[in-house]
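Understanding the architecture of this molecule
Spelled out, the chains give:
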Amino acid sequence: MNYWLRIVCLILGCSLNAQAPSDVKVKGTIFNSTNALPVPNVNIININRVKGTQTNTRGEFEINAAVNDTLHITMIGFQSLRVRVTNDWVKSGTARLELTEKAIALEEVVIRKYKLTGYLEVDTKLIPFKENYRYSISGLPQAYEAGESSPNAFTRVVSSVFNPADMLHNFFGKKPKELRKLREMKKDDTVKNLLETKYDRETIAILLGVDKKDIAEILSRCSYSEAFIETANDLQIMEAISQCYEQYKVLAKAK
């Protein structure tokens, strides 16, 4: 009986192994759809593996992936592109991809001056001032502003632990897989360098599986200031969400 049981397990194990996706090196070349020229320094991120790379001067790239993984491709001045790794791509060894240039319309900017009187005592009251505090992020050269110090800064996260209807509770409680990607993002230098230069929240939103407007609400509920939410780069945003999530996990365990 044990003999036949081992045979069945062996067969099942073999079939499972045959179906399990395995990482391979997929290659590709990215061209400008307008002039068919190769595009260098394009950022490619494997969303499933949270690994990144860039195209070389000939527009070529190589990245670890498995069939059905999704690659998120971005470049300043071009529309972002998401492509799925297919069996045909893996078998052929390479793929030709095209990026489309963005049509950017410049809007009129109105600059307004403060109406100062020349008297220091009066003018200091006319200029708006927000009391925000600065925090440092490991790996970044300078500190950044990340919200106000208030009694609500801690209690907001506490309330989400005990309130099933709270937005943070729903987000952190239902997306553990996506939030684990935050740790992986810190390990890949290509991903970190990309996020440090971006301010559009697009890559973070895709990796976390949320809408970009949800990111602002998450940070607001974690007591990050409006000024920080509007001006921080994507790496700082990623770190802020990560820190809030770690705090939430500690409180949830102690519940």
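Here's what I pulled together on the structure shown here. (Residues numbered from 1 in each chain as written. Predicted model: local features only at pLDDT ≥ 70, side-chain atom pairs only at ≥ 80, totals over all residues. Heavy atoms only, no water.)

**A few points about the overall build of the chain**
Along the chain, the regular secondary structure elements total eleven helices and nine strands. For the chain, buried positions account for 35% of its 255 residues. Taking all contacts inside the chain whose residues are at least 6 apart in sequence as the whole, residues at least 24 apart take part in 58%. A total accessible area of about 16400 Å² is found for the chain, and carbon and sulfur atoms account for 54% of it. (Helix = DSSP H or I, 4+ residues; strand = E, 2+ residues; numbered from the N terminus. Buried < 20%, exposed > 50% of the residue type's maximum accessible area, 1.4 Å probe, protein only. Contact = heavy atoms within 4.5 Å. Areas by Shrake-Rupley, 256 points an atom, 1.4 Å probe, with all protein chains shown as cover.)

**What to know about the state of the cysteines**
One pass over the full model with this rule turns up one disulfide. Residue Cys222 pairs covalently with Cys244 via a disulfide, S to S 1.9 Å. Measuring handedness by torsion sign, the sulfur bridge of Cys222 and Cys244 sits at about -75° and is left-handed. Here Cys244 lies in helix H11 (residues 234–254) and Cys222 lies in the loop between helix H9 (212–221) and helix H10 (226–231), a separation of 22 residues in the sequence. Neither Cys222 nor Cys244 differs from the other in exposure class; each is buried. (Disulfide = S-S within 2.5 Å.)

**Some points on the pattern of salt bridges**
Counted by the stated rule, this structure contains ten salt bridges. With a closest N to O distance of 3.2 Å, Glu60 and Arg58 form a salt bridge. Assessed through its relative accessible area of 31%, Glu60 is described here as partly exposed. Note that Lys213 and Asp211 form a salt bridge whose closest N and O atoms lie 3.5 Å from each other. Residue class for Lys213 comes out exposed when judged on its relative accessible area of 60%. Since its relative accessible area comes to 39%, Asp211 is described here as partly exposed. (Salt bridge = Lys/Arg side-chain N within 4 Å of Asp/Glu carboxyl O.)

**Focus: helix H5 (residues 167–174)**
Buried within H5 are the following residues: Met167, Leu168, Phe171 and Phe172. Down the axis of H5, the sector holding all buried residues measures 105°, keeping them to one side. (Arc of directions from axis to C-beta.)

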